[in-house]
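Coordinates in review
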Amino acid sequence: MLRTHTCGELRLTDAGKQVTLCGWVQRVRDMGAMAFIDLRDRYGITQLFLDKDPKKSFSAKLTTIGREYVLQVTGTVKERESKNLNMPTGEVEIIVSEFEILNESETPPFTIEEHTDGGDDLRMKYRYLDLRRANVRANLQLRHKVAQQTRTFLDSKEFIEVETPVLIKSTPEGARDFVVPSRMNKGEFYALPQSPQTFKQLLMVSGFDRYYQIVKCFRDEDLRADRQPEFTQIDCEMSFVEQEDVLNMFEGLVKHLFKNVKGIDIKELPRITYADAMKQYGSDKPDTRFEMKFVELNEVVKGKNFKVFDEAELVVGICAKGCAEYTRKQLDELTDFVKRPQIGATGLVYARVNADGSIKSSVDKFYDEAALRQWAEAFNTQPGDLILVLAGKADKTRKALNELRLELGSRLGLRDKNTFSCLWVVDFPLLEFNEEEGRYFAMHHPFTAPKPDDIHLLDENKLGEVRANAYDMVINGVEIGGGSVRIFNKELQGKMFGILGFTEEEAQKQFGFLMNAFQYGAPPHAGIAFGFDRLCSLFGGADSIRDFIAFPKNNSGRDTMIDAPSTIDSKQIRDLGIEVL
Ligand code: ASP
């Protein structure tokens, strides 16, 4: 080996040892007769001391080195005169006797430090330099740890990791597929998997019983901060289980990860139905780090000649504790916030419960003190609280109030990244009506089983009312995982495809392999998949998943470092038998 130690491990107890280190030059401080160099590798930074006596063999080389040069140095470990107790190696330095330049470096386009001067674009183009920064590297080390602990837990529960293919068949349901032209089968295409869903179900038919895979998935969707065209799932499936068993097993996994990665004990996860989540939080992924539940006011506010409320399908509000003192300006800001087109409320009504107990609202003309007292009762307010109310179409108003609730939660500092609130959302609707396409879509995917109690609704054409045995794990308002009990009966699966608008022929063409497999003794099975990148960013206290992926794509789906996607040459195109516009 070219070194005896890493740059992160020498301590005072090593004083007097002769050592050889290798690493990158973080910083050179030239003091005239001597120089200090901070040498960095993955493990840390060690200070080097160089006597610039011209008689020393290295003095000539010393003048040429700059940031990010790769060095090999030999010397003696010595106690430092001025110690830096903020770094683990800060009590020692190396008195260098020999040094070798292993490689030179151009001046890097941004500083390789925690707070770099490089913008996002530059950092992505030179990602290999960005990854030298301690904080970015720490994110990937965290990712490694989450993966290792996932494997440890699932292995201990008899899950086996099986790799499923990456070149598969395109399916019309779900997100858009990435496709790959087949050279050997001209005019035909593979698709990259959006998830290994059908394969893991087939593995259950094969009797694998418990499967998992930390696996790349691909979806050709518009991108956001927490989305990448390729992302990683912890994908799992189990046989001979009911929903309850799956929830318990994967609650166990998440508790194990919190304990072993973050050192945090998580209590039993509360469960909330989809319907309650929508009613109480206006979201199927509520951030439960703080309360501020919705209170519906139809009964309380209607019939006082305030047209906006009288004509609304739903009048609903939240109580912001201790915010009665909000200034006019702050309230205007909140009103502007809810009126933004993305949120779409038409206005915001407020009522201040003052410290002296009096109540003042923005609709005093219609609601006297006695009426407002009823509002206060509905919210169970205390002096100093602020009531905020929206009205309109039920779904839209709930969605808007959800945004307002989250905004207030942020403003009030109730969404601390080091606090974790996990829960299960259960009983999702099986189907969701799409106005544009004029038909029902599977809310989760077409393989999800309806609740046995609701199956009759399928025949009664009450499709929107059917609940599924489907569940999501939500942490801090982020959907971290989701899954369902599966249909394992050929007839029911066929019926589902019919409901989703497939003709029998189409269903056979697309999913015949699955329905055929179901004829050979398919066991009852259920599963779940976790968004691995999201889980890592959550553990790392970040909003974006990008810095938890070694080589991510930008918002346009580009890798600017390798410059992909790119055109291919005409011979390749000819070989593939495709036409390029
Ligand atoms: N395959 C599903 C997904 O990607 C998860 C599951 O149902 O297990 O969301």
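Here the structure is a predicted model, which means the values were calculated and not measured.

Side-chain pairing between opposite charges can occur once the charged atoms of the two side chains come close. Considering all chains together, one arrives at 46 salt bridges under this definition. Close ionic contact of D459 with K495 constitutes a salt bridge, the shortest N to O distance being 2.6 Å. Within this pair, whereas D459 is found in helix α13 (residues 455–459), its partner K495 is found in helix α14 (residues 490–499), the two being separated by 36 residues in sequence. Owing to a relative accessible area of 54%, D459 belongs among the exposed residues under this scheme. Among the residues examined, K495 registers a relative accessible area of 32% and is labelled partly exposed. Residues E460 and K462 are paired through a salt bridge, measuring 3.7 Å at the closest nitrogen-oxygen approach. Its relative accessible area of 41% is what places E460 among the partly exposed residues. The exposure class assigned to K462 is partly exposed, which follows from its relative accessible area of 37%.

On to unusual backbone geometry, then. Between A564 and the following residue, P565, the backbone shows a cis peptide bond with an omega angle of 0 degrees. By the secondary structure assignment, P565 is in the loop between α16 (532–539) and α17 (570–576). A positive phi angle, near 55 degrees, is found at N380, a position not held by glycine. With respect to the helices and strands, the residue N380 is situated in the loop between α11 (369–379) and β16 (386–392). Exposure remark for N380: the relative accessible area of 60% places this residue in the exposed category. Located in the positive-phi region is N476, a residue other than glycine, with phi close to 50 degrees. By the element assignment, N476 lies in the loop between β20 (470–475) and β21 (478–485). When its relative accessible area of 6% is taken as the criterion, N476 is described as buried.

The next thing to look at is the sheet that holds strand β12 (residues 295–296). Taken in spatial order, the 5 strands line up as β12-β13-β16-β14-β15 in an open sheet, and their pairing is antiparallel. Two strands bound the open sheet, and with one partner strand each, they are β12 and β15 (359–361). Bridging between β12 and strand β13 (residues 314–320) involves 2 bridges; their strand directions are antiparallel. Pairing of V295 across the sheet is with G317, part of β13.

What follows deals with the packing of helix α4 (residues 134–156) against α16. Remark: α4 packs on α16, axes separated minimally by 10 Å, with the N-to-C direction vectors making an angle of 120 degrees. Classed by the angle they form, the pair α4 and α16 counts as oblique. The way α4 lies across α16 gives a crossing that is right-handed. Here L142, R143, V146 and A147 of α4 come into contact with α16, specifically with F532, D533, L535, C536 and F539. Residue classes in the contact of α4 with α16 are distributed as 7 nonpolar, no polar and 2 charged.

As a further point, take the site of the ligand. In the vicinity of the ligand, 13 residues are found, and the nearest of them are Q197, K200, H444, H445 and R486. Q197 is positioned such that a nitrogen or oxygen atom in its side chain is 2.7 Å from a nitrogen atom of the ligand. Side-chain polar atom of H444 to an oxygen atom of the ligand: 2.8 Å apart, as the coordinates give it. In isolation the ligand offers 270 Å² of accessible surface; the protein chains occlude 89% of this area. Looking at the shell around the ligand, the elements that each hand over two or more residues are α5 (197–205), β21 and β22 (525–531). Among the elements that make up the shell around the ligand, the one with the highest residue count is β22 (3 residues). In the shell around the ligand, the residues fall into 2 nonpolar, 8 polar and 3 charged.

Before going further, it helps to spend a moment on the pairing of β21. For β21, a buried count of 6 out of 8 residues is recorded, marking the element as mostly surrounded by other parts of the structure. As paired strands, β20 and β21 are joined by 6 bridges and run antiparallel to one another. Among the inter-strand pairings, Y471 is bridged to a residue of β21, identified as G483. Between the end of β20 and the start of β21, which pair antiparallel, lie 2 residues, with N476 showing a positive phi angle near 50 degrees. Of the strand pairs in this sheet, β21 and β22 are connected by 5 bridges, and their pairing is antiparallel. Bridge pairing links S484 to G527 in β22.

What follows is about the nonpolar core. V146, F250, F258, W424, Y471, I475 and F530 are the most contacted members of the largest nonpolar core, which has 75 residues in total. For this core, the element with the highest residue contribution is helix α6 (residues 243–262), accounting for 9 residues. When sequence neighbours within four positions are dropped, the list of residues in contact with F530 reads T232, Q233, I234, F250, L253, V254, M473, I480 and G481. Membership of the second largest hydrophobic core comes to 26 residues, among which are M292, F294, L348 and A394.

The topology assignment puts R352 in strand β14 (residues 349–353). Nearest to the buried, unbridged R352 among oppositely charged side chains is E325, at 7.3 Å. Discounting chain neighbours no more than four positions away, the residues touching R352 are A324, Y326, T327, R328, L331, S358, I359, K360, D385 and L386.

To continue, consider the packing of aromatic side chains. Following the criterion strictly, the structure yields 20 aromatic pairs and no others. Here the aromatic rings of F447 and F497 are separated by 6.3 Å at their centres, their planes lie at 80 degrees, and the arrangement is edge-to-face. Of the two residues, F447 is situated in the loop between β19 (439–442) and α13 and F497 in helix α14; the sequence distance between them amounts to 50 residues. A relative accessible area of 5% means that F447 is categorised as buried. Taking relative accessible area as the criterion, F497 reaches 0% and is therefore assigned buried. An angle of 70 degrees between the planes, with centres 5.9 Å apart, marks the rings of F502 and F511 as edge-to-face. Judged on exposure class, the residue F502 and its partner F511 are both buried. An aromatic cluster of at least three residues, connected via ring pairs, comprises F306, F309, F366, Y367 and W375. In this structure, K125 is placed above the aromatic ring of Y126, and the distance from its NZ or CZ to the ring centre is 5.9 Å. A cation over an aromatic ring shows up here: R405 above the ring of F290, its NZ or CZ 4.0 Å from the ring centre.

What counts as what
Residues numbered from 1 in each chain as written. Predicted model: local features only at pLDDT ≥ 70, side-chain atom pairs only at ≥ 80, totals over all residues. Heavy atoms only, no water. Salt bridge = Lys/Arg side-chain N within 4 Å of Asp/Glu carboxyl O. Helix = DSSP H or I, 4+ residues; strand = E, 2+ residues; numbered from the N terminus. Buried < 20%, exposed > 50% of the residue type's maximum accessible area, 1.4 Å probe, protein only. Pairing = 2+ DSSP bridges. Axes fitted to C-alpha atoms, helices over the stretch in contact; angles between N-to-C directions. Parallel < 35°, antiparallel > 145°, perpendicular 65-115°, else oblique. Left-handed = near helix turned anticlockwise from the far one by under 90°. Contact = heavy atoms within 4.5 Å. Nonpolar A, V, L, I, M, F, W, Y, C, P; charged D, E, K, R; others polar. Near = heavy atom within 4 Å. Polar contact = N/O pair within 3.5 Å; in protein donor to acceptor, adjacent residues only side chain to side chain. Areas by Shrake-Rupley, 256 points an atom, 1.4 Å probe, with all protein chains shown as cover. Core = buried A, V, L, I, M, F, W, Y, C linked by side-chain atoms within 4.5 Å. Lys, Arg positive; Asp, Glu negative; His and termini not counted. Phe/Tyr/Trp six-rings, centres within 6.5 Å; stacked < 30°, edge-to-face > 60°. Lys NZ or Arg CZ within 6 Å of the ring centre and 35° of its normal.

Scope: geometric values only; no functional claims are made or implied.
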